[in-house]
Structure formats: structure tokens, C-alpha cells
Amino acid sequence: MHRVIISGMGIEIPESSISNEELVESFNLWVGQENQQREREGLEPLSFSSASFIEHASGIRSRHVHTPKGILDPDRMAPYIPARDDDDLSVTAEFGAKAGRKALLDARVPPGEVDMVICAGSHLQRLYPAIAIEIQKELGTGGAAFDMSLGCSSAVAGLHVAYHLVRSGAHRRVLVITPELITAHLNFRDRQTHFIFGDAATALLVEAIEEGDERPGRFEVVDTRSWTQFSNNIRSNFSYLNRAAQEDTSSVPAEGNLIKQQGNKVFKEVTVAGHRFIVDFLAEHGHTPESMRRFWLHQANARMNAMILKLSFGGVDVGHDRAPMVLDRLGNTAAAGAIVALYENHKDMKAGDHGLLCAFGAGYSIGGALLRMM
Ligand code: COA
């Protein structure tokens with residue numbers, strides 16, 4: 001078995017940002033228009049959204065978006081990302097490749113020395129050819145590539161697979177890429193979810209090192225873990241079967257098949273499961289939450305993370321130095337969130353410090369990676 005490190009990291013955060021106030025203004029404009037129509041039809045009016053609710057309930061203040069055009073237009077409320085020619089680089093392969101290129105530069109590894117790309121995201125643009133293979137071509141990496149998906153745990157699940165592929169010697173260097181263009185799948189007309197998500201892409205280069213080697217400033221992966229338990233509380237029914245489900249196939253409704261979630265159920269159930277996962281996984285390695293210098297948790301909800309940590313620390317509140325937060329400015333970037341938190345918050349760690357990367361979400365799924373700073 002080989003020792004495994006994360007030798008490079010890269011993130012791609014789109015420039016455009018939308019504040020809660022801007023999002024709510026457009027949502028409420030749409031609700032106003034819609035309610036006039038509903039009143040004429042004798043229907044119950046829709047409720048307005050509120051920026052203060054969003055910040056209080058989730059901790060989110062703004063989100064970066066890949067393509068702002070169309071999102072705030074009350075007549076559209078979806079990004080406008082024109083279809084590309086099949087021979088042009090796909091939008092998510094382009095997004096992921098940007099992060100991948102940065103990870104390779106960070107590791108100072110030429111693309112030809114990578115022998116596997118895993119595109120691990122909650123949102124995959126198509127069924128085939130795999131986005132990972134397009135990224136492989138775009139970056140010029142060797143070997144093979146494949147896509148995998150496990151909701152918001154996808155990136156950590158990708159790391160789990162990469163770790164074992166490298167540890168076993170099956171591959172020498174694996175690039176795990178997570179392009180989360182999630183605003184394209186978000187229902188901006190759904191008050192329960194319209195504020196939740198933002199876009200980001202991340203990349204981790206995972207490789208083997210020799211026994212006795214140390215790479216100061218890099219993380220050794222001590223172990224990884226994955227846990228799942230079926231739940232319908234976060235669900236997307238978007239699929240090639242949508243058309244086949246219609247008697248009349250001339251138009252296929254998108255909106256009813258976009259992301260939906262029962263946020264409060266997810267909050268309660270995943271908080272308990274996340275806490276148990278963290279305590280048990282660390283205990284298996286002779287660690288406790290207290291022995292972790294840092295937690296890079298999934299970035300869905302600030303209150304949820306605070307509660308998971310408080311439960312894990314026996315009732316003690318844990319600050320952002322120990323568990324950094326990026327969701328306030330980025331929103332929930334699905335599987336990319338915990339990796340962005342890791343990327344932005346590790347340079348101050350000392351040799352021998354440990355940290356836990358832990359993501360949770362749809363499935364339910366939870367993924368963890370115990371990291372040691374070298
Ligand atoms: N603006 C104003 N009020 C809103 C609102 C909005 N946009 N959305 C919901 N509300 C209202 C509800 O109607 C409800 O009102 P009521 O009490 O009069 O019925 C109240 O706020 C509470 O709604 P609830 O859905 O219970 O909110 P919450 O406190 O659970 O917060 C989330 C909602 C989504 C922020 C929160 O549940 C969450 O983040 N859950 C975890 C999600 C997660 O981790 N997902 C996994 C990763 S993808």
C-alpha cells in the first residue's frame with residue numbers, strides 16, 4: 001500500500017455575485033405579478049421571500065453565479081447559457097478544467113503525468129461521453145477518466161475513490177474535479193430553495209509518495225470514509241425519462257423536475273447523522289473532535305454546521321477559526337463547498353496538525369477525509 005497526499009488544489013469561483021437583496025427583489029416582483037393572476041383565478045396568493053429570513057435561516061448573504069444573465073429577470077428566472085456546438089468544449093468541462101489547471105499548476109505536475117481524472121459532482125451535464133473524458137482531453141492528461149455523482153458528498157466521495165486507487169497502486173496520480181454549475185438546475189421561483197445555491201468548481205490532485213517522504217505544506221490523506229442512507233428529502237427528478245413520462249411529448253415541463261428539498265427535515269436528520277459520522281470516524285483513528293485543528297464542513301447552512309460541531313464537542317460552541325465558513329459569500333456550492341473551505345483555510349496549519357474534511361447532502365450521503373499536514 002502506498003502513502004497518499006493531496007499534492008495540488010485549485011478552485012474556480014465565477015466573478016458575478018448576486019446578493020440576497022437582489023435575489024429577493026426579483027423573486028418578489030415575480031410573486032407580485034403572479035398573485036395578480038392568481039387573484040383573478042381565485043387562488044391562494046404566493047408568499048413573498050425575505051432577505052433577512054435567508055440570512056437568519058441559512059447564513060447565506062450572497063452567491064457567485066456562473067452566468068448572471070437571466071437569473072434576476074422576473075420573466076425568466078434562470079441563467080441563460082446558450083447551447084454549444086457538440087464540437088465545442090462543454091460548459092461544465094470548461095468550468096472544471098479551469099479548476100483542474102490550477103491544481104496542476106499548484107502541484108507543479110505536468111498534465112501528462114496524471115493517469116486518471118474523476119469528475120465528481122452533484123450535477124453532471126449529460127450522460128455521455130463522460131465530462132471527465134472531455135476534461136482529460138482539454139487538460140491533456142493520460143490514462144482514463146470517468147464521472148461519478150453522490151449529491152453534495154460527490155467531491156469527498158471522489159477523493160475516497162481516488163485515495164484507494166492511488167493507495168492500492170492502481171493509479172499514480174488522480175485528479176478529482178467538481179464543477180458545480182448548480183444555478184442552472186435551481187428553481188428560482190421556489191421560495192423554499194431559490195436562495196440556497198451558488199456555482200463553483202474545485203480540483204484536488206491526489207498522488208502517491210514514497211515511504212519516509214515528507215512534502216511540507218501538503219496534506220497526507222490518513223483515511224477516507226463514505227456513508228449513505230436513502231432519503232427523498234433532497235431530490236431532483238430531472239431525467240431523460242421526463243419526456244417518456246408525458247402522454248403529450250411536445251413540451252416537457254422542467255420546473256417540477258428541478259431541485260426540491262424539505263430543508264427542515266434535512267437539517268434535523270443530517271445534523272444527527274453528521275455528528276455521529278464525525279465522532280465515530282475520528283474515534284476509529286484514535287482521534288477526537290478536540291484533536292482536529294480544523295474542520296472543513298459542507299457549506300449548506302451555518303446554523304447546521306454550528307450544531308453538528310456543538311454536539312461533537314460536548315456542548316461547546318466552535319468558532320470559525322476551527323470550522324471556517326465560505327457559504328456566507330458563496331451560498332451552497334453543493335459538493336464544491338467543503339473543498340473551497342479547505343483550499344482557503346489551511347496555509348496557517350503546522351506540521352502534524354490534523355483536519356477533517358466532511359461533506360453531507362442528498363442521498364443522504366456523508367463523506368469524510370482525515371488529513372494530516374506534513
Ligand atoms: N423567505 C421568507 N420566509 C420563508 C422563506 C423565504 N425565502 N422560505 C421559507 N420561509 C418561511 C416558511 O414558510 C416557514 O414559515 P412558517 O413558520 O410561517 O410556516 C418558516 O420560514 C420556516 O421555514 P423552514 O422551511 O422550516 O425554514 P428553516 O429554518 O428550516 O430554513 C433552510 C430553511 C433551507 C435554510 C434550512 O432548512 C436548511 O438549510 N436545511 C438544510 C439544507 C441542507 O443541508 N441541504 C443539504 C445540502 S444540499
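Structure: above.
Throughout what follows, the structure given in this document is the object of discussion. Counting from 1, residues in each chain are numbered in the order their sequence is written. Confidence filtering applies because this is a predicted model: local features only for residues at pLDDT of at least 70, side-chain atom pairs given and counted only at 80 or more, and all residues used for totals across whole chains, interfaces and linings. Calculation of side-chain values draws on the structure's entire complement of heavy atoms; hydrogens and water are dropped beforehand.

A closer look at the sheet that holds strand S11 (residues 294–297)
Across the sheet, which stays open at both edges, the nine strands sit in the order S5-S4-S6-S7-S1-S8-S13-S12-S11 with mixed pairing between neighbours. Two strands bound the open sheet, and with one partner strand each, they are strand S5 (144–148) and S11. The sheet shows a mean angle of 25° between the axes of neighbouring strands, direction not considered. Strands qualify as paired when DSSP identifies two bridges or more between them. Strands here mean DSSP runs of E at least two residues long; helices mean DSSP runs of H or I at least four residues long; both are numbered from the N terminus. Of the pairings in the sheet, the one linking strand S1 (residues 3–12) to strand S7 (residues 200–209) comprises nine bridges and is antiparallel in character. Residue Glu-12 lies in a different strand from S7, and its bridge partner there is Ala-201. Residue contacts follow a heavy-atom distance rule, with two residues in contact if any of their heavy atoms lie within 4.5 Å. A fitted line through C-alpha atoms serves as each axis, taken over the contacting stretch for helices, and the angle formed by two N-to-C directions is quoted from 0 to 180°. Helix H5 (residues 154–168) rests against S1, strand S4 (116–120), S5, strand S6 (173–180), S7, strand S8 (219–228), strand S12 (354–361) and strand S13 (365–373) of the sheet, and its axis sits at about 120° to S8.

Notes on the packing of aromatic side chains
Aromatic ring pairs are described here by two measures, namely the spacing of the ring centres and the angle between the planes. Classification of ring pairs uses Phe, Tyr and Trp, with its six-membered ring standing for Trp, and accepts pairs whose centres are within 6.5 Å; under 30 degrees between planes counts as stacked, over 60 as edge-to-face, and the remaining range as tilted. This structure, assessed with the given rule, holds five aromatic pairs. Seen from their ring centres, Phe-27 and Trp-30 are 5.9 Å apart, and the 55° between their planes marks the pair as tilted. Remark: Trp-30 and Phe-27 occur in helix H1 (residues 20–40); sequence separation between them is three residues, near one turn of the helix. Each member of the pair, Phe-27 as well as Trp-30, is classed as buried. Between Phe-219 and Trp-296, the aromatic rings sit 5.5 Å apart at their centres with planes inclined by 75°, giving edge-to-face as the arrangement. Note that Phe-219 is positioned in strand S8 and Trp-296 in strand S11, a separation of 77 residues in sequence. The buried label goes to any residue with under 20% of its type's maximum accessible area, the exposed label to any with over 50%, and the partly exposed label to all in between, with areas taken from a 1.4 Å probe on protein chains only.

Points about the site of the ligand
If even one non-hydrogen atom of a residue comes within 4 Å of a molecule or strand, that residue is called near it. Around the ligand, the surrounding shell holds 22 residues, and the nearest of these are Ser-49, Phe-53, Arg-191, Gly-263 and Asn-301. Contacts described as polar in this section are N or O atom pairs within 3.5 Å, which, within protein, must combine one atom able to donate a hydrogen with one able to accept it, while residues neighboring in sequence count only if both atoms come from side chains. The contact in question runs from a nitrogen atom of the ligand to an N or O atom on the side chain of Ser-49, over 3.0 Å. Per-residue and other accessible areas were derived by the Shrake-Rupley procedure at a 1.4 Å probe size, with only the shown protein chains allowed to occlude residues. For the ligand, the protein covers 72% of the area, taking 970 Å² as the surface of the free molecule. Of all elements in the fold, only helix H2 (51–58), helix H7 (263–284) and helix H8 (302–312) reach the threshold of two or more residues within the shell around the ligand. If one sorts the elements of the shell around the ligand by residue count, H7 sits on top with four residues. Of the residues assigned to the shell around the ligand, the class counts are ten nonpolar, ten polar and two charged. Think of it as three bins: nonpolar holds Ala, Val, Leu, Ile, Met, Phe, Trp, Tyr, Cys and Pro, charged holds Asp, Glu, Lys and Arg, and polar takes everything else, Gly as well.

Everything listed here is a matter of geometry and, on its own, says nothing about what the molecule does.
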